Amino acid sequence: MVVIKLRHNSELVKFSGEDFTFFFNGGWAHGTSVALSSSDHTGEERCSLNLLVEKKVVLSKSLKPSEFRHIYAVLKPETNDELNILNRAEVKTADTDQVPAAGTNNAAIV
């Protein structure tokens, strides 16, 4: 069993197998899997934990970026990280090994 404590006295508990329970404010929700998502929703950056049953969201909980990273580090769930909270996006850099094309006047005049 894995217990991840979150803000507002809430907890995400992973039981043996793939069952999850999310406890919050005296209530709870059960799911068969979890997914994380981060996106820019109408100009507001949002991180979310989604509790799923048969790929349908039964509960969505707003997270702080630190909670998002912690859940990912512990559980490695399916993740849609549009905001690059996990710093895994590919960074494209300019190729500095370019050779001037034939017929161009890029030679230094001495």
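What you are looking at is a predicted structure, and each value in this text was computed from that prediction instead of being measured.

A few points about the nonpolar core
Formed by 19 residues in total, the largest nonpolar core has its most connected members in Leu 12, Leu 49, Leu 63 and Ile 71. Every element with two or more residues in this core is listed here: strand S1 (2-6), strand S3 (20-24), strand S5 (33-41), strand S6 (44-53), strand S7 (56-63) and helix H1 (65-75). The element best represented in this core is H1, accounting for 4 residues. With residues up to four places along the chain from it excluded, the contact list for Ile 71 reads Ile 4, Leu 6, Leu 36, Leu 49, Leu 63, Lys 76 and Pro 77.

Considerations on H1
Of the residues making up H1, those classed as buried are Glu 67, Phe 68, Ile 71, Tyr 72 and Leu 75. Angular distribution of buried residues about the axis of H1 spans 135°; they occupy a single face of the element.

Points about the environment of His 70
Note that His 70 resides in helix H1. By relative accessible area, which is 41% here, His 70 ends up partly exposed. Each C-alpha atom of the pair His 70 and Leu 6 lies 9.7 Å from the other, and the pair is 64 residues apart in sequence.

Concerning the packing of aromatic side chains
Inspection of every chain in the model, using the stated rule, returns 1 aromatic pair. Note on Phe 22 and Phe 24: the rings are 5.6 Å apart at their centroids and 25° apart in plane angle, and the pair reads as stacked. With a relative accessible area of 2%, Phe 22 lands in the buried category. Look at Phe 24 and you get partly exposed, because its relative accessible area is 30%.

Section: unusual backbone geometry
With the exception of glycine, the majority of residues adopt a negative phi angle, and the majority of peptide bonds are in the trans configuration. One non-glycine residue with positive phi stands out, namely Glu 54, at about 50°. Topologically, Glu 54 is positioned in the loop between S6 and S7. Relative accessible area serves as the criterion here: at 66%, Glu 54 is assigned to the exposed category. Notably, Lys 55 is not glycine yet its phi reads approximately 65°, a positive angle.

A short note on the environment of Leu 49
Examined against the element boundaries, Leu 49 turns out to sit in strand S6. Using a relative accessible area of 1% as the deciding quantity, one classes Leu 49 as buried. Between the alpha carbons of Leu 49 and Ser 38 there is a distance of 9.1 Å; along the sequence they are 11 residues apart. Beyond its immediate stretch of four places on either side in the chain, Leu 49 contacts Leu 12, Phe 22, Val 34, Ala 35, Leu 36, Leu 59, Ser 60, Lys 61, Leu 63 and Ile 71.

What to know about a nonpolar patch on the surface
Nonpolar side chains collect at one region of the surface, where Met 1, Val 3 and Phe 15 lie side by side and expose about 310 Å² of accessible area between them. Tracing the chain through its elements places Phe 15 in the loop between strand S2 (10-14) and S3.

Focus: the pattern of salt bridges
Evaluated as defined, the whole model comprises 2 salt bridges. Across the pair Lys 5 and Glu 11 runs a salt bridge, and its minimum N-O distance is 2.4 Å. A relative accessible area of 60% places Lys 5 in the exposed class. Take Glu 11: its relative accessible area is 22%, and that puts it in the partly exposed class. Between Arg 7 and Glu 67 there is a salt bridge whose closest N-O contact spans 3.3 Å. In this pair, Arg 7 sits in the loop between S1 and S2 while Glu 67 sits in helix H1, placing the two residues 60 residues apart along the sequence. Taking the relative accessible area as the measure of exposure, Arg 7 reaches 28% and is therefore partly exposed. A relative accessible area of 8% means that Glu 67 is categorised as buried.

What counts and how
- Residues numbered from 1 in each chain as written.
- Predicted model: local features only at pLDDT ≥ 70, side-chain atom pairs only at ≥ 80, totals over all residues.
- Heavy atoms only, no water.
- Core = buried A, V, L, I, M, F, W, Y, C linked by side-chain atoms within 4.5 Å.
- Buried < 20%, exposed > 50% of the residue type's maximum accessible area, 1.4 Å probe, protein only.
- Helix = DSSP H or I, 4+ residues; strand = E, 2+ residues; numbered from the N terminus.
- Contact = heavy atoms within 4.5 Å.
- Arc of directions from axis to C-beta.
- Phe/Tyr/Trp six-rings, centres within 6.5 Å; stacked < 30°, edge-to-face > 60°.
- Patch = residues over 30% accessible without salt bridge, like charges linked within 9 Å, V, L, I, M, F, W, Y side chains within 5 Å.
- Areas by Shrake-Rupley, 256 points an atom, 1.4 Å probe, with all protein chains shown as cover.
- Salt bridge = Lys/Arg side-chain N within 4 Å of Asp/Glu carboxyl O.

Purely geometric numbers; function is a separate question.
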